[in-house]
Amino acid sequence: MTSPIADLAHRLRPLVFRLYHQVRRTTPQLTLTLTQGSVLSELVNGGPRRMSALAEFERVKLPSMTDVVSRLERLGLATRTPDPADRRAVLVDVTDEGRRFYAEMVTAREEFLRERLIAMDDADRAAIEAALPALAKLLIETKKEALISDER
C-alpha cells in the first residue's frame, strides 16, 4: 500500500508532463529543442549572458552550449558579441526577431490554455486558481534558478 502523498505524486506527475507536452506541441517553436527554448527564454527575460554562464545555467558543457547558440544564431534569434568587460569572453543576446518569436510563442501557449479554461465551468476554473499557490510551492529553487538570481 502506498502513502497518500506517494499516490498524489504518482497522479500529479503524468498530468503535469502531459499538460506541458500538449502546450509545447501545439505552439510554434521552429523545432527548437528544450535547451534552445530555455536559453532563448533566459536571454529574453534576463538579458545578455556569457556563453559560460549559459552552459552552467543549462548544466551542459561549453561545446554543447556553443552548438545551441549557433543554432539560435542560424535561426536569427540570437547573436554573439565580445564581452566588453573581458574581450576573451563572448556575450550572447537575443535579437529583435528572437524577442518577436518568443512573444508569439508565449501568446500562443497562453491562448492554448485560455481556450481550455474557457471550456471549463466556473468551479473547475476556481479550483485551478486556488491550486496555483500550492503548485508554485512545488517549484523549489534549484542551482539553475540561483544562478539567475546571482547574475542579475
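Rules used throughout
- Residues numbered from 1 in each chain as written.
- Predicted model: local features only at pLDDT ≥ 70, side-chain atom pairs only at ≥ 80, totals over all residues.
- Heavy atoms only, no water.
- Helix = DSSP H or I, 4+ residues; strand = E, 2+ residues; numbered from the N terminus.
- Buried < 20%, exposed > 50% of the residue type's maximum accessible area, 1.4 Å probe, protein only.
- Contact = heavy atoms within 4.5 Å.
- Areas by Shrake-Rupley, 256 points an atom, 1.4 Å probe, with all protein chains shown as cover.
- Lys, Arg positive; Asp, Glu negative; His and termini not counted.
- Charge placed at Lys NZ, Arg CZ, Asp CG, Glu CD.
- Phe/Tyr/Trp six-rings, centres within 6.5 Å; stacked < 30°, edge-to-face > 60°.
- Lys NZ or Arg CZ within 6 Å of the ring centre and 35° of its normal.
- Pairing = 2+ DSSP bridges.
- Axes fitted to C-alpha atoms, helices over the stretch in contact; angles between N-to-C directions.
- Salt bridge = Lys/Arg side-chain N within 4 Å of Asp/Glu carboxyl O.
- Parallel < 35°, antiparallel > 145°, perpendicular 65-115°, else oblique.
- Nonpolar A, V, L, I, M, F, W, Y, C, P; charged D, E, K, R; others polar.

Engineer: How should the overall build of the chain be read in this particular structure?
Structural biologist: Scanning the chain from terminus to terminus reveals 7 helices and 3 strands. Listed by position from the N terminus, the elements making up the chain come as α-α-β-α-α-β-β-α-α-α. With the principal axes as the frame, the chain shows a C-alpha extent of 55 × 35 × 25 Å. Counting every position in the chain, which comprises 152 residues, the buried fraction comes to 27%. Contacts in the chain between residues at least 24 apart in sequence constitute 56% of all its contacts with a sequence separation of at least 6. Within the structure as shown, the chain displays about 10400 Å² of accessible surface, and the carbon and sulfur contribution to it stands at 60%. Computed over 24 positive and 23 negative side-chain charges, the separation of the two mean positions in the chain equals 5 Å.

Engineer: What's the story with the packing of aromatic side chains in this structure? I'm lost.
Structural biologist: How two aromatic rings sit relative to each other is given by the distance of their centres and the angle of their planes. Under the defined criterion, the tally for this structure stands at 0 aromatic pairs. The ring of Phe112 has Arg116 sitting right over it, with the charged end atom 3.6 Å from the ring centre.

Engineer: Looking at this structure, I do not really get the pairing of strand E3 (residues 86-94). What am I missing?
Structural biologist: Looking at chain direction, strand E1 (residues 49-50) and E3 are connected through 2 bridges and run antiparallel. The partner of Arg49 across the bridge, within E3, is Val92. In this sheet, E3 lies alongside strand E2 (residues 78-83) in antiparallel orientation, the contact comprising 6 bridges. Pairing of Pro82 across the sheet is with Val90, part of E3.

Engineer: Help me understand the sheet that holds E3 in this model?
Structural biologist: Spatial ordering of the open sheet is given by E1-E3-E2, a layout of 3 strands whose pairing is antiparallel. A strand with exactly one partner marks an edge of an open sheet, and here the two such strands are E1 and E2. Along the sheet face, helix H4 (residues 62-74) touches E2 and E3 and points at about 120 degrees away from the line of E2.

Engineer: Sorry if this is basic, but what is going on with the pattern of salt bridges here?
Structural biologist: Any two side chains of opposite charge can pair, so long as their charged atoms come close to each other. Taken as a whole, this structure holds 10 salt bridges when the rule is applied. Two residues, Glu73 and Arg80, come together in a salt bridge whose shortest N-O distance is 2.6 Å. Glu73 gets classed as partly exposed once you look at its relative accessible area, which sits at 28%. What emerges from the salt-bridge pattern is a single network uniting Glu97, Arg100 and Glu104.

Engineer: Help me out: how do you make sense of helix H3 (residues 51-58) in this one?
Structural biologist: An α-helical turn contains 3.6 residues, so a residue and the one three or four places further along point in the same direction. Taking burial as the measure, the 8 residues of H3 include 6 buried ones, the bulk of the element. When we look at burial in H3, the residues that qualify are Met51, Ala53, Leu54, Ala55, Phe57 and Glu58. Arg59 sits one or two positions beyond H3 and adopts a positive phi of about 60 degrees.

Engineer: When you look at the packing of helix H2 (residues 34-46) against H4 in this model, what are you seeing that I'm missing?
Structural biologist: Axis angle and axis distance: for two packed helices, these are the angle between their axes and the distance between the axes, and together they describe the pair. Look at H2 against H4: their axes get within 10 Å of each other, and the N-to-C directions meet at 75 degrees. One element, H2, and the other, H4, form an angle in the roughly perpendicular class. Residues Thr35, Gln36, Val39 and Leu40 of H2 touch H4, and the partners they reach there are Met65, Val68, Arg71 and Leu72. Its residues assigned to classes, the contact of H2 with H4 comprises 5 nonpolar, 2 polar and 1 charged.

Geometry only, nothing functional implied.
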